[in-house]
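Geometric and topological summary
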Amino acid sequence: MKKPSFLTIGLFAISIGFLNAQTNQGKLILSLSSDIFGLGFTTLKTISDTNGSEEASESFNVNLSPKIGYFLIDNLAIGLDLGVGLQTGNNGTYHKYTSTSLSAGPFVRYYIPALKVLPFFELGGSVGMMNTKFINIDNTYGEDRVDKTGIINYGGGIGLAAPLGERVMVDVLAGYHSSSVKFSEDNENNERLISGILGLDIGFVILLGSM
């Protein structure tokens with residue numbers, strides 16, 4: 001069996017060192033990701049102080065997520081995640097809806113040192129506001145309406161980041177996101193809408209700081 005040469009071993013070590021240097025302590029991370037390329041599978045659950053119901057539905061989700069973070073130690077970054085979202089779908093039998101949202105909150109990401117690509121884990125949460133327009137399909141619940149609500153988001157996932165150069169990476173994140181929306185008007189029963197979304201995010205990362 002042919003033994004690896006010193007050149008091969010040297011190139012292997014250099015490539016690992018290059019990837020590790022991209023996620024060193026003290027670097028800044030700028031990221032923009034989106035799930036615009038696909039449909040998401042959404043589970044909707046309406047909860048109130050009197051009852052609860054759950055159903056699954058297909059919806060179209062577009063979310064843009066710019067992030068800025070800082071590597072506290074090698075491979076571990078924390079920062080601020082801003083979320084801008086659009087969702088359309090069916091809420092039960094009688095409603096179609098369109099929602100737009102804006103949120104902000106912390107995130108933490110950990111890269112696992114590897115060769116060629118970097119696996120990573122990410123967790124995050126945010127709070128914000130959502131505007132939702134409900135369209136009654138058969139006027140069962142009266143006229144169309146627009147609700148302004150507060151939202152709480154949390155989620156996480158696992159992904160892979162591939163370097164495109166010394167300071168740019170492209171990453172793919174498969175994860176789960178959950179949102180809790182509490183209706184503020186005509187809500188004597190404290191009704192909340194809980195949604196869970198399985199999705200695939202694709203994004204770009206720019207790393208700032210000395211190499």
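The rules we used
- Here the residue numbers are simple positions, counted from 1 along each chain's written sequence.
- Since the coordinates come from a predicted model, pLDDT governs what is reported: local features require at least 70, and pairs of side-chain atoms require 80 or more to be given and counted, while whole-chain, interface and lining totals use all residues.
- The basis for every side-chain value is the complete set of heavy atoms in the structure, and neither hydrogens nor water enter the calculation.
- Runs of E in the DSSP output that reach at least two residues are strands. Runs of H or I that reach at least four are helices, and both are numbered from the N terminus.
- Using a 1.4 Å probe on the protein chains alone, a residue whose accessible area is under 20% of its type maximum counts as buried, one over 50% counts as exposed, and one in between counts as partly exposed.
- Pairs of residues are marked as contacts when any of their non-hydrogen atoms sit within 4.5 Å.
- Note on areas: these come from Shrake-Rupley sampling with a 1.4 Å probe, and a residue is covered only by the protein chains present in the view.
- Ring pairs are drawn from Phe, Tyr and Trp, using the six-membered ring of Trp, whenever the two centres fall within 6.5 Å, and their geometry is named by plane angle: stacked under 30 degrees, edge-to-face over 60, tilted for the rest.
- We call a charge positioned above a ring when the Lys NZ or Arg CZ atom is no farther than 6 Å from the ring centre and deviates by at most 35 degrees from the ring normal.
- Scored between 0 and 100, pLDDT is the confidence that the predictor attaches to each residue.
- Nonpolar core, defined: a set of buried Ala, Val, Leu, Ile, Met, Phe, Trp, Tyr and Cys residues in which side-chain atoms within 4.5 Å join the residues together.
- Strands pair, by our definition, only if DSSP identifies at least two bridges between them.

1. Observations regarding the overall build of the protein chain
- Secondary structure assignment for the protein chain yields 1 helix and 9 strands.
- Each helix and strand of the protein chain, placed in order from N terminus to C terminus, yields the pattern α-β-β-β-β-β-β-β-β-β.
- Expressed as a percentage of the 211 residues in the protein chain, the buried residues total 35%.
- Sequence separation of 24 or more characterises 63% of the internal contacts of the protein chain that already satisfy a separation of 6 or more.
- Within the structure as shown, the protein chain displays about 12,200 Å² of accessible surface, and the carbon and sulfur contribution to it stands at 65%.

2. Comments concerning the side chain of Thr132
- Inspection of the secondary structure assignment puts Thr132 in strand β6 (residues 118-136).
- With residues up to four places along the chain from it excluded, the contact list for Thr132 reads Tyr97, Thr98, Ser99, Arg145, Val146 and Asp147.

3. Let's talk about unusual backbone geometry
- Residues other than glycine seldom take positive phi values, yet Asn75 does so here, at roughly 80°.
- Judged by relative accessible area, which is 10%, Asn75 ranks as buried.

4. Quick notes on the packing of aromatic side chains
- All told, the structure shown has 2 aromatic pairs when counted by the stated rule.
- Here Tyr111 and Phe120 contribute two aromatic rings whose centre-to-centre distance is 5.5 Å and whose plane-to-plane angle is 50°, an arrangement assigned as tilted.
- Given the relative accessible area of 1%, Phe120 is considered buried.
- In this structure, Lys67 packs its charged tip against the face of Phe107, placed 5.9 Å from the ring centre.
- Of note, Arg109 hangs over the ring of Phe120, and the distance from its end group to the ring centre comes to 4.1 Å.

5. Concerning the confidence of the model for the protein chain
- In the predicted model, the protein chain carries a mean pLDDT of 77, and 68% of its residues have values of at least 70.
- Per-residue pLDDT, averaged within each element of the protein chain, yields its smallest value for helix α1 (residues 6-22) (44) and its largest for strand β1 (residues 28-34) (92).
- Taken together, the stretch residues 6-19 has pLDDT below 50 and engages in 12 contacts with residues farther than four places along the chain or on a different chain.

6. Some remarks on the nonpolar core
- Of all hydrophobic cores here, the largest spans 11 residues; its members are Ile29, Phe71, Ala77, Tyr111, Leu118, Phe120, Ala161, Met169, Leu173, Val205 and Leu207.
- Residues within four places of Leu207 in sequence aside, it is in contact with Gln22, Leu28, Ile29, Phe71, Arg167 and Met169.

7. Quick word on the environment of Gly196
- Summarising the element assignment, Gly196 is placed in strand β9 (residues 192-208).
- Distance in space between the C-alpha atoms of Gly196 and Tyr154 is 9.8 Å, their sequence separation being 42 residues.

8. What to know about the pairing of strand β8 (residues 168-182)
- Of the strand pairs in this sheet, strand β7 (residues 145-163) and β8 are connected by 14 bridges, and their pairing is antiparallel. Bridging from a neighbouring strand, Ile158 pairs with Ala174 of β8.
- Remark: 4 residues form the turn of the hairpin made by β7 and β8, two consecutive strands paired antiparallel.
- By the bridge criterion, 15 bridges tie β8 to β9 in an arrangement that is antiparallel. The residue bridging Val170 from the neighbouring strand is Phe204, located in β9.

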